[in-house]
Number of protein chains: 2
Amino acid sequence: MNKKGILFVITGPSGVGKGTVLAEVRRQKDVYFSISATTRQPREGEQDGVHYFFLTREQFEQKIAENGFLEHAEFSGNCYGTPAAPVDAHLEEGTDVILEIEVQGAMQVHRSRPDAVRIFLAPPSYAELEKRLTGRGTETEEAVRMRLETAKHELTLAPEFDYVVINNTVEQAVADVLAIMQAEACRAQRVTLH
Amino acid sequence: MNKKGILFVITGPSGVGKGTVLAEVRRQKDVYFSISATTRQPREGEQDGVHYFFLTREQFEQKIAENGFLEHAEFSGNCYGTPAAPVDAHLEEGTDVILEIEVQGAMQVHRSRPDAVRIFLAPPSYAELEKRLTGRGTETEEAVRMRLETAKHELTLAPEFDYVVINNTVEQAVADVLAIMQAEACRAQRVTLH
């Protein structure tokens, strides 16, 4: 029997740098990145099954009824969710899977998949996150303020995760995530001796 | 307040290659290696406080009475133990500590220090361990047979450890141990957010 893959859930507040860190992890490690399903319309250039699985609301609700999501939520009138089937297919064939999702979704996965390894990516400090979000300059002051409020709450949830990686530099955060992935493969319950 | 160090206990059957793997870990990482205390006589060239802490039996028993050992045992009429004080001093100042001890001692540390991270170094297979121990050619057939009997039992205890690292190659085993040390520093309960 082949060794099963490990499910990693990576989350963190908006602006912490999840995308940058995970793009580098992906470059360095053979791993399947979960693709979300959504009921929102595809944007220019977005492909079904690549950027998202685009579903109608009926299809989405059907999948909820079938228990087909690891987590799902609604934001601004659109549904988003993580379909279980492709994740499970990759785990079965021995590939590690990374879900990059927002904090509430990560908490949901904890309930649906208690065996998932959950990593919280945190800023070096709240002040630093404030600086990064304000520095973007692409949003209104009000929008930034709301993101920071959410982030403040999300940071209080960090202790509920298995690991907290502080994104001081991308290089160090990537090294930490890769070390966690390597270490988890050595967890006693995952190793069979011959 | 400074971050405390982490206590790692590394064990595995005789002949598995603990010494070789840990010498390389020591070369690559700043870590304190615990020094055992013993009542046996120093051998030629052995220095007190470097190779062992050499104690009289009275001193050893006094230390047991004071709860001064993380684990201790008697082999062929000599007492061996891991003194708690130097380990705790290094942990307090933020240095990670490695204890390399035999399997029964590692089980004892689990009880005295439930926060210790316990790693079991295992051979690729029992047959491979047999080959390595027989190949040494420095012991009688009977001594090798006894080591193998002990090893067989010890391998059944591997699932009680936190991690099992299979020593396929020294390089890979060293990388696994270093990844575990890096990952454990990211454990949520050890990270304080600011």
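Before reading further, recall that the structure is shown in the block above.
Per-chain numbering applies: the sequence of each chain, read as written, is numbered from 1 onward. Ligands are numbered from 1 and chains lettered from A, in the order in which they are written. The predicted nature of this model means local features are confined to residues of pLDDT at least 70 and side-chain atom pairs, given and counted, to a pLDDT of 80 or more, with totals for whole chains, interfaces and linings taken over all residues. Side-chain metrics rest on all non-hydrogen atoms present in the structure, leaving aside hydrogens and water.

K.L.:
Requested: an account of the interface of chain B and chain A, with residues and values cited.
P.N.:
It only takes one pair of heavy atoms within 4.5 Å for two residues to be counted as in contact. Opposite the 27 residues of chain B that make contact, chain A presents 27 residues. Buried area: the sum, over both parts, of the accessible surface (1.4 Å probe) that disappears when the two are put together. Each partner contributes to the roughly 2,000 Å² buried at the junction of chain B and chain A, and carbon and sulfur atoms together form 63% of this total. Among the residues of chain B in contact with chain A, C186, R187 and L193 of chain B are the three that bury the most area, contributing 26% of the side total. Throughout this description, the term salt bridge denotes a Lys or Arg side-chain nitrogen within 4 Å of a carboxyl oxygen of Asp or Glu. At the junction of chain B with chain A, the criterion picks out two salt bridges. With its nearest N and O atoms 3.3 Å apart, the salt bridge here joins R187 of chain A to E184 of chain B.

K.L.:
Lay out the relation of the copies chain B and chain A in plain terms, naming residues and giving numbers.
P.N.:
Of the two same-sequence chains, chain B is brought onto chain A (RMSD 0.0 Å, axial shift 0.0 Å) by a rotation of 180 degrees. Such values leave the two copies arranged in the relation of a two-fold axis. Considering only C-alpha atoms, the residue of chain B closest to the rotation axis is A179 of chain B, which sits at 2.2 Å. The fraction of interface residues of chain B whose copies in chain A are also interface residues reaches 100%, indicating that both copies meet through the same surface. Superposing the copies works by least squares over the C-alpha atoms of residues that have pLDDT at least 70 in both of them.

K.L.:
Kindly report on the pairing of strand 5 (residues 69-75) of chain A, identifying the contributing residues and their values.
P.N.:
All names here are of chain A. Bridge count between strand 5 and strand 6 (residues 78-83): six bridges; the pairing is antiparallel. Directly across from E74, in strand 6, lies its bridge partner C79. Pairing between strands is defined by DSSP: at least two bridges between the two strands are required. By definition, any uninterrupted DSSP run of H or I lasting at least four residues is a helix, any uninterrupted run of E lasting at least two residues is a strand, and each is numbered from the N terminus. Linking strand 5 to strand 6, which pair antiparallel, is a turn of two residues; within it S76 sits at a positive phi near 40 degrees.

K.L.:
Could you give an account of helix 6 (residues 141-155) of chain B, naming the residues involved and the relevant values?
P.N.:
Residues and elements named next belong to chain B. A helix is expected to span 1.5 Å for every residue after the first. The end-to-end C-alpha distance of helix 6 is 21 Å, a good match for the 21 Å that 15 residues give at a rise of 1.5 Å each. All buried positions along helix 6 are accounted for by V144, L148, A151, E154 and L155. Taken around the axis of helix 6, the buried residues stretch over an arc of 120 degrees, which confines them to a single face. Relative accessibility under 20% of the residue-type maximum defines a buried residue, over 50% an exposed one, and the middle range a partly exposed one, all with a 1.4 Å probe and only protein chains included. Here the arc refers to the directions that run from the helix axis out to each C-beta atom.

K.L.:
How would you summarise the sheet that holds strand 6 (residues 78-83) of chain B if you had to cite specific residues and measurements?
P.N.:
Residues and elements named next belong to chain B. Taking strand neighbours across the sheet as the criterion, the four strands line up as 4-3-6-5 in an open arrangement whose pairing is mixed. With partners counted over all chains shown, the strands left at the sheet margins are strand 4 (53-54) and strand 5 (69-75), one partner each. Only C-alpha atoms enter the line fits that serve as axes; for helices the fit covers just the stretch in contact. Angles between N-to-C directions range over 0 to 180 degrees. Sheet contacts for helix 2 (residues 57-65): strand 3 (37-38), strand 4, strand 5 and strand 6; angle to strand 5, the most-contacted strand, approximately 140 degrees.

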